[in-house]
Amino acid sequence: NLMRLRAWFYSMKRSPSGHVDLMEVQNLFAREGMTTDRQAFFRYLNYISQTSSLPSAREGEGGKKNVLLSKIVGIEEFTSIIGRCTVAWCLHRTLSLVTAPEFATA
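Definitions and cut-offs
Residues numbered from 1 in each chain as written. Predicted model: local features only at pLDDT ≥ 70, side-chain atom pairs only at ≥ 80, totals over all residues. Heavy atoms only, no water. Core = buried A, V, L, I, M, F, W, Y, C linked by side-chain atoms within 4.5 Å. Buried < 20%, exposed > 50% of the residue type's maximum accessible area, 1.4 Å probe, protein only. Helix = DSSP H or I, 4+ residues; strand = E, 2+ residues; numbered from the N terminus. Contact = heavy atoms within 4.5 Å. Polar contact = N/O pair within 3.5 Å; in protein donor to acceptor, adjacent residues only side chain to side chain.

For soluble globular proteins, the rule of thumb is that nonpolar side chains tend to be buried together. Formed by 15 residues in total, the largest nonpolar core has its most connected members in M12, V25, F29, L45 and F78. Elements represented by at least two residues in this core include exactly α1 (2-10), α2 (22-31), α3 (38-50) and α6 (75-98). With four residues, α2 is the largest single contributor of residues to this core. If sequence neighbours within four positions are ignored, M12 has contacts with V20, E24, V25, L28 and F78.

Following this line, the structure appears as structure tokens:
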């Protein structure tokens, strides 16, 4: 539901331009119980912010300004992060169900 995504996004502290810092995204995920390993999630957020995987990273040219802007995300980038995490969680659950040891019933 897009309204829920917007509500989550607008529950974070935003800059005057309407963007949030990656630390705010990390805090939201921890607060909502969506991650148990904050350090791994922070590394993931840093990685995707420095690659061209988010919509804002593909729009600009390189340079110091983009490095600074890569640490903040707008609603479009936030929904992209949520989508990627959902797909990763589904794949993880599927693999854990497929590879789970079968227990023999006596």
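Turning next to α2. For an α-helix, the turn length of 3.6 residues means that residues three or four places apart are oriented alike. Those residues of α2 lying buried are L22, E24, V25, Q26, L28 and F29. Tucked inside the fold, the buried residues of α2 contact α1, β1 (20-21), α3, β2 (72-73) and α6. Structurally, the start of α2 carries an N-cap: the backbone nitrogen of M23 is 3.1 Å from a side-chain oxygen of D21. Downstream of α2 by one or two residues, G33 has phi in the positive range, about 75 degrees.

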